[in-house]
Amino acid sequence: MNQPVRLAMLGCGTVGAEVVRLLHEQSADLAARIGAPLEIAGIAVRRIGRDRGALPVDPALFTTDALGLIKRDDVDVVVEVVGGIEPARSWLVEALRAGKSVVTANKALLAEDGGALHDAAAEGGGDLYYEASVAGAIPLLRPLRESLHGDRITRVTGIVNGTTNFILSAMHATGAGFAEALEEATELGYAEADPTADVEGFDAAAKAAILASLAFHTRVGAADVHREGITEVTAADVASAKAMGCTIKLLCIAARSADGPGREAVSVRVHPAMIPLTHPLASVGDAFNAVFVEADAAGQLMFYGRGAGGAPTASAVLGDVVAVARNRLAGVRAASESAYADLRVRPMGEALTRYHISLDVADRPGVLEAVAGVFARHHVSIATVRQAPAGGGTGGDGGDAILVIVTHVAPDAALAATVRELHGLDIVRSVASVLRVEGGI
Ligand code: NDP
Ligand code: HSE
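Each value, and the rule that gives it
- Residues numbered from 1 in each chain as written.
- Chains lettered and ligands numbered in written order.
- Predicted model: local features only at pLDDT ≥ 70, side-chain atom pairs only at ≥ 80, totals over all residues.
- Heavy atoms only, no water.
- Near = heavy atom within 4 Å.
- Polar contact = N/O pair within 3.5 Å; in protein donor to acceptor, adjacent residues only side chain to side chain.
- Areas by Shrake-Rupley, 256 points an atom, 1.4 Å probe, with all protein chains shown as cover.
- Nonpolar A, V, L, I, M, F, W, Y, C, P; charged D, E, K, R; others polar.
- Phe/Tyr/Trp six-rings, centres within 6.5 Å; stacked < 30°, edge-to-face > 60°.
- Helix = DSSP H or I, 4+ residues; strand = E, 2+ residues; numbered from the N terminus.
- Lys NZ or Arg CZ within 6 Å of the ring centre and 35° of its normal.
- 1 Å grid on protein atoms, 1.4 Å probe; cavity = no way out; pocket = protein on both sides within 12 Å on 5 of 7 lines; lining within 4 Å.
- Points joined across faces, edges and corners; volume = space filled by probe spheres on them.
- UniProt positions renumbered as here; feature names shortened; annotations may be inferred.
- Contact = heavy atoms within 4.5 Å.
- Pairing = 2+ DSSP bridges.
- Domains from an automatic or database assignment.
- Salt bridge = Lys/Arg side-chain N within 4 Å of Asp/Glu carboxyl O.

Caption draft 1: Here's a closer look at the site of ligand 1. Residues in close proximity to ligand 1 total 22 residues, the closest being Cys12, Arg47, Arg50, Arg52 and Gly309. With respect to ligand 1, the side chain of Arg52 contributes an N or O atom lying 2.7 Å from an oxygen atom. Within the side chain of Lys107, an N or O atom sits 3.2 Å from an oxygen atom of ligand 1. For ligand 1, the protein covers 80% of the area, taking 900 Å² as the surface of the free molecule. Residue composition of the shell around ligand 1, grouped by class: 10 nonpolar, seven polar and five charged.

Caption draft 2: Focus on the packing of aromatic side chains. In the structure shown here, the tally under the stated rule is two aromatic pairs. Ring centres of Phe288 and Tyr304 lie 5.2 Å apart, and the angle between their planes is 5°; this geometry places the pair in the stacked category. In this pair, Phe288 is assigned in strand S11 (residues 288–295) and Tyr304 in strand S12 (residues 299–306), connecting sequence segments 16 residues apart. Looking at Arg145, its charged tip hangs above the ring of Tyr129, at a distance of 4.4 Å from the centre. Directly above the aromatic system of Phe202 lies the positively charged group of Arg227, at a separation of 3.8 Å from the ring centroid.

Caption draft 3: Here's a closer look at the layout of surface pockets. The space that makes up the second largest pocket amounts to roughly 490 Å³. Forming the boundary of the second largest pocket are 32 residues, of which His118, Tyr130, Ser213, Leu214 and Glu337 lie nearest the centre. Mapped by element, the contributors of at least two residues to the lining of the second largest pocket are helix H5 (107–124), strand S6 (128–129), helix H6 (141–147) and helix H10 (202–216). A total of eight residues in the lining of the second largest pocket trace back to one element, the largest contributor, which is H5.

Caption draft 4: Here's a closer look at the UniProt feature "binding site: NADP(+)" (unreviewed entry) in the protein. This chain's UniProt record puts "binding site: NADP(+)" (unreviewed entry) on Leu10, Gly11, Cys12, Gly13, Thr14, Val15, Gly16 and Ala17. Along the chain, Gly11 turns up in the loop between strand S1 (5–10) and helix H1 (14–25). Discounting chain neighbours no more than four positions away, the residues touching Gly11 are Gly16, Ile43, Ala44, Val81 and Val82. The residue Ala17 is located in helix H1 in this model.

Caption draft 5: Structural view of the side chain of His217. Here His217 shows up in the loop between H10 and strand S8 (226–227). Side-chain polar atoms of His217 contact the side chain of Ser338, separated by 2.7 Å.

Caption draft 6: Seen up close, the site of ligand 2. Close contacts around ligand 2 come from Lys107, Asn161, Gly162, Thr163, Asp198, Asp203, Lys207 and Ala308, and that covers them all. Contact between ligand 2 and Asn161: an oxygen atom at 3.4 Å from a side-chain N or O atom of the residue. For ligand 2, an oxygen atom lies 2.6 Å from a polar atom in the side chain of Thr163. Alone, ligand 2 offers 260 Å² of accessible surface; in the complex the protein occludes 82% of this. Taken together, the elements giving at least two residues each to the shell around ligand 2 come down to helix H7 (162–174) and H10.

Caption draft 7: Representation of the sheet that holds strand S2 (residues 38–44). Taken together, the six strands give an open sheet; going across it, the order is S3-S2-S1-S4-S5-S6, and neighbouring strands pair in parallel fashion. The open sheet is flanked by strand S3 (62–63) and S6, the only strands paired with a single partner. Where S1 meets strand S4 (residues 77–80), four bridges bridge the pair, whose relative direction is parallel. Across the sheet, Leu10 pairs through a bridge with Glu80, a residue of S4.

Caption draft 8: Seen up close, the domain arrangement of the protein. Domain parsing of the protein yields domain 1 (5–136 + 311–330), domain 2 (141–306) and domain 3 (351–437). One C-alpha centre belongs to domain 1, the other to domain 2; they are set 28 Å apart. With 19 residues of domain 1 in contact, the opposing surface of domain 2 contributes 17 residues. Inspection of the region where domain 1 meets domain 2 yields three salt bridges. Of the charged contacts, one joins Asp203 and Lys107 as a salt bridge, the two residues approaching to 3.1 Å between their closest N and O atoms. Elements with a contribution of two residues or more to the side of domain 1 that touches domain 2: H5, S6 and helix H12 (310–330).

Have a look at this one:
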């Protein structure tokens, strides 16, 4: 058995406490798998006196001096489960520059300034692993950065936020509105007291940036990701999706497409979208996560599991700890960041999407022609049109009708301009619902 590999734990909250517990419970197996025991050199927290229950660890290991702990010569690996941008960024840059390996679950930091961490890792020669930052327990980043490195990934479509998936699944199952479903999610402990990061899509956008960077060998940051949350999704939208044999999910979508002769670009977006009930992501319910990857040679792959929670996230953290510990013992490091492709990131207006538009219109001759003319002017091709009398009447009596239009793929800017013009038509009483459509209906 080799000398112990010594860990500096930064944070001991929901995830950190589970990492500590598993390190203790699995210590013999982990040592056998690595070829050396893992030892905790210290645990940096904000409040030394906090009640941490029956954590199987020497209380003397706790400190509030994170930087002092990181700088210690007997620390080989830094495990960061604190979260946020600062001071986590300064700590991890310091650790990486000093040649230590880093394992982090910090998606916000990776999406905000992952480049600084990768540059510091390249400078110091240590490893930077972050499997837990996207989709919790699901092994996803390692397959993207290793197993699929011989392939060409074309598209990644994911449900990467458990809170919003719980809310949208509840709205679909019960017909509840957003506020009611959020209340249920809060009562059951899925949504945090301040749910902004989840329901406004910030959490999913950070994860989308990390996935796109790995899939397309391009640095993509949170600012490059088009983001819309689910607060505007109504019970009527969900009913409209159901009527089409669909459901609504908050999707993160990263896709590559041609960008002129011999060039490609990527679009990275997070927004609610209708998907058919037959799509593999439609059956992902509750607070589960799933990511659907499409690649030239591999075809379609689906990764599914728990995207959050102390123990599931700790599983991913420990997998990374084992990997970096083995690398240190072998005197090697993992392949460094792959950002050679440096593809242009498209603005949302250029993203190729489809819309489902539900209009309340006057039911009289020429209305369909006027509506279709708006789509034609913006070069948006209509795929299907369905008309029903508003309020369930027989129609054709000069009253209102509901027109449901689904488009073919078009640039998002053309679709948005079409909807804006529809709003201004006097024959359109209201634009009842506008949703993007994914997954081929
Ligand atoms: P918690 O808020 O539960 O824990 C944060 C920990 O960091 C606490 O131990 C806290 O100390 C410590 N801490 C906070 N600020 C400082 C500081 N300035 N100096 C030293 N220690 C500090 O967070 P989570 O465990 O939920 O999340 C940790 C990371 O994991 C985040 O990046 C999060 O995005 C990510 N993640 C979390 C998931 C989850 O399900 N919770 C899922 C996937 C990723 P103290 O205990 O004294 O308060
Ligand atoms: N808040 C996140 C979610 C969990 O609801 O999925 C951490 O990534």
